[in-house]
Amino acid sequence: IRERLRLVASGEPVPAAEICQLDIEVGELFAEAAMSAIREAQMKAEEVDLVASHGQTVCHISEKDETKRWNKPATMQLGEASVIAERTGITTVADFHVRDIAAGGKGGPIMPFAERILFGDGSDSDLLFLTIGGISNLTLLTRRGSVLAIDTGPGNMAMDLIVQHAQQKGFMKGEPFDEGGKIAGSGKVCEAVVEQFRNTPLMRQPPPRAFGREQFGEEFVEWIEMSMKQSDGRDVVRIADKLATACELTAVTIADAIQTFVLEAGYHPNTVILSGGGVANACLVSRLQEHCPGLAWVPSDAYGVPYKAKDAMGFALLGYAALHRIPGNLPQATGASRPVVLGKIVPGHGACA
C-alpha cells in the first residue's frame, strides 16, 4: 500500500477510483492501529473518548502556482474518518488542515497549539522546537508570548525516497530508510548542489510558509541526482553520496532558518527541542550540531514527551480542542485570517444510541 500511496502523491495520473479505494483501505489500517494501541494500553474502546487522525497526506498545496495549474491552496489526507469511527466505535476527528486553508492560511504548521500546551508558553525563555518528519518545521514560543512557526525545508522525505528508489531497482534491501543515517554518514556531500539550493527563492521565502511532497518529493530527488551529475560530470551517482547530500540539504536549510528567522531576529533560545523520526538519524543530528554549535540539541523525551509520539500527542490535543470548539490554529503561524476550529468530527457508536 505504501507504493500505491507514493504513486498518488507523486502527481502521476491516478484513477479517481484508486484514490477512493485507498481512502477506505488506509482508514481500515488506521482503525486497526488504534485498536492495537488501545489493547496495548490495557484499555477498552468504550473507555476512549476520541480518536484524532491526521491521515496520510498525498497533496498539500500551500499557495497557488499558475504554472502548475494550482489555482488555489488545497490539501488532501487519506484515511476515511468514518471507517475509523465505525470500526472502533469511537468518535473520530480528522482533516485538520483544510479549515485553516479555508480561512486564508497555509494549512500549517498546526503543531504550535499543542507545543504551547505540552511545553509551556515560553514565559521564562524563548523555546525552540524542531520536528523532523517528512518535512522539517520550527516553532518558536517567545518569552513575550508571540509565536513563529515555519517549514524549513526537506526532512526525511527525500532521504527515504532515495533509499526506496534504490530498493525498487534491486540495489538495496532492508528498511525503507537509511537507519541511523549510516549510509549518509559514509557518503560525500556535493557542496555545489547544497549551495545552489539554499540560495533559491523557495528557501528565501519568509514565514508563514508550508511545504509538502510537492516541493520535496519525487521531483526534488530527481533534481538532486541530476544536479550532482552536472556538478561532478558523472553519469552515475553513488547512493551514499546522494543520501549524504540530501542529509546536508535538510541540515543546512534548518540551520539557515534558525539563523535568519530566530537568531538574527533577536531571539535567544539556548536549546532546540527535537522530535520526529529524524531524531534517530545520527548523521543528521551531527550535522545540525556542527552548523549551530551554540545550541543544545535535546530530544523531547527529556521534557516527558517521547520524540516518536509528540505529533500523535499533539493531534490528540487538537482533536480534544475540536470537540470543545476551541480554535486549534495560530494565525501568526499559518497566515490565516482568524483562529478557527480544526478538524471534522465523526460521532462514534455511543452517539447513535
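Every chain begins its residue count from 1, and numbering advances along the sequence as written. Local features in a predicted model are, by the rule used here, given only for residues with pLDDT of at least 70; side-chain atom pairs are given and counted only at 80 or more, and totals for whole chains, interfaces and linings are based on all residues. With hydrogens and water stripped out, all remaining heavy atoms of the structure feed into the side-chain values.

> What's the story with the sheet that holds strand β4 (residues 92-94) in this structure? I'm lost.
Strands pair in a sheet through their backbones, by hydrogen bonds, and they do so in one of two ways: parallel or antiparallel. Should DSSP find at least two bridges between two strands, the strands are taken to pair. Strands here mean DSSP runs of E at least two residues long; helices mean DSSP runs of H or I at least four residues long; both are numbered from the N terminus. Taken together, the three strands give an open sheet; going across it, the order is β1-β4-β10, and neighbouring strands pair in mixed fashion. Edge positions in the sheet fall to β1 (51-53) and β10 (344-346), since each of these pairs with one other strand and no more. Neighbour-to-neighbour, the strand axes of this sheet turn through a mean angle of 20 degrees, independent of strand direction. Here β1 pairs with β4 via three bridges, running parallel. Every angle, taken between N-to-C directions, lies between 0 and 180 degrees, and every axis is a line fitted to C-alpha atoms, over only the stretch in contact when it is a helix.

> Can you walk me through the environment of lysine 72 in this structure?
Along the chain, lysine 72 turns up in the loop between β2 (56-61) and β3 (74-78). Sequence separation between lysine 72 and serine 62 is ten residues; the distance between their C-alpha atoms is 8.3 Å. Residues in contact with lysine 72, not counting those within four places in the same chain, are Ile61 and Lys64. Residues are treated as being in contact if the distance between any of their heavy atoms lies within 4.5 Å.

> Quick question: what am I supposed to make of the side chain of arginine 6 here?
Along the chain, the position of arginine 6 falls in helix α1 (residues 2-9). Ignoring any residue separated from it by four or fewer positions in sequence, one finds arginine 6 in contact with Leu161, Gln168, Arg213 and Glu218.

> Whenever I open this one, the packing of aromatic side chains confuses me. Can you help?
Each aromatic ring pair is summarised here by two numbers: the centre-to-centre distance and the angle between the ring planes. Think of it this way: a Phe, Tyr or Trp ring, Trp meaning its six-membered ring, pairs with another when their centres are within 6.5 Å, and the plane angle makes it stacked under 30 degrees, edge-to-face over 60, tilted otherwise. What the rule picks out here adds up to nine aromatic pairs. Seen in terms of ring centroids, phenylalanine 197 and tryptophan 223 are 5.7 Å apart; in terms of plane orientation they differ by 55 degrees. Their pairing is tilted. With phenylalanine 197 in helix α8 (residues 191-198) and tryptophan 223 in helix α11 (residues 218-232), this residue pair connects regions lying 26 residues apart in the sequence. Comparing phenylalanine 197 with tryptophan 223 shows no difference in burial state: the two are buried. An angle of 10 degrees between the planes, with centres 6.0 Å apart, marks the rings of phenylalanine 220 and tryptophan 223 as stacked. Remark: tryptophan 223 and phenylalanine 220 occur in helix α11; sequence separation between them is three residues, near one turn of the helix. Taken as a pair, phenylalanine 220 and tryptophan 223 share a single burial class, namely buried. Aromatic rings pair up to connect Phe197, Phe211, Phe216, Phe220 and Trp223 into one cluster. The classification of residues rests on relative accessible area computed with a 1.4 Å probe and restricted to protein chains. Under 20% of the type maximum is buried, over 50% is exposed, and intermediate values are partly exposed.

> Help me understand the nonpolar core in this model?
Across soluble globular proteins, you tend to see nonpolar side chains buried next to one another. Only buried Ala, Val, Leu, Ile, Met, Phe, Trp, Tyr and Cys residues count toward a nonpolar core, and they belong to the same one when joined by side-chain atoms within 4.5 Å. Leu130, Phe220, Ile258, Leu288 and Trp297 are the most contacted members of the largest nonpolar core, which totals 53 residues. Top contributing element to this core by residue count: helix α12 (residues 239-263), with twelve residues. Leave out the neighbours within four places in its chain, and leucine 288 touches Leu130, Ile132, Ala251, Ile254 and Trp297. One finds Ile110, Met111, Ala321 and Val340 within the second-largest nonpolar core, a separate group that totals 14 residues.

> Is there a simple way to think about the environment of serine 227 in this case?
Within the secondary structure, serine 227 sits in helix α11. Ignoring any residue separated from it by four or fewer positions in sequence, one finds serine 227 in contact with Val193 and Gln196. We call two N or O atoms a polar contact when they sit within 3.5 Å, provided that within protein one can donate a hydrogen and the other can accept it, with sequence-adjacent residues counted only if both atoms are side-chain atoms. Here the side chain of serine 227 touches tryptophan 223 through a polar contact of 2.8 Å, landing on its backbone oxygen.

> Would you take a moment to explain the state of the cysteines for this structure?
By definition, a disulfide links the sulfur atoms of two cysteines through a covalent bond. Criterion for a disulfide: a pair of cysteine sulfur atoms at a distance within 2.5 Å. In the structure shown here, the tally under the stated rule is zero disulfides. Cysteine 59 supplies the cysteine sulfur nearest to cysteine 20, a cysteine that is in no disulfide, at a spacing of 15 Å. We note that cysteine 190 lacks a disulfide partner, and the nearest cysteine sulfur, in cysteine 247, lies 15 Å from it.

> Teacher, can you tell me more about the packing of α8 against α11 here?
Two quantities define a packed helix pair, namely the angle between the helix axes and the distance between the axes. Closest axis-to-axis distance for the α8/α11 pair is 9 Å, and the angle between their directions is 130 degrees. Between α8 and α11, the crossing angle belongs to the class labelled oblique. You can see that α8 and α11 cross each other, and the crossing is right-handed. Contacts between α8 and α11 pair Ala192, Val193, Gln196 and Phe197 from the former with Phe220, Trp223, Ser227, Met228 and Ser231 from the latter. A class-by-class count of the residues in the contact of α8 with α11 yields six nonpolar, three polar and no charged. Comment on the angle field: the value is read as roughly parallel under 35 degrees, roughly antiparallel over 145, roughly perpendicular from 65 to 115, and oblique elsewhere. We call a crossing left-handed when the near helix sits turned anticlockwise from the far one by less than a right angle, and right-handed when that turn is clockwise. Under the scheme applied, nonpolar residues are Ala, Val, Leu, Ile, Met, Phe, Trp, Tyr, Cys and Pro; charged residues are Asp, Glu, Lys and Arg; polar residues are all the others, including Gly.

> I keep staring at the pairing of strand β9 (residues 296-299) and nothing clicks. Help me out?
One face of the sheet, then the other: side chains in a regular strand alternate in exactly this way. Sheet analysis places strand β8 (residues 271-275) next to β9, joined by four bridges and oriented parallel. Residue pairing across strands places isoleucine 273 opposite valine 298, the latter belonging to β9. When the strands point away from the viewer and the path from the first strand over the helix to the second turns clockwise, the crossover is right-handed. Assessed by its sense of winding, the connection that carries the chain from β8 through helix α13 (residues 282-291) to β9 is right-handed.

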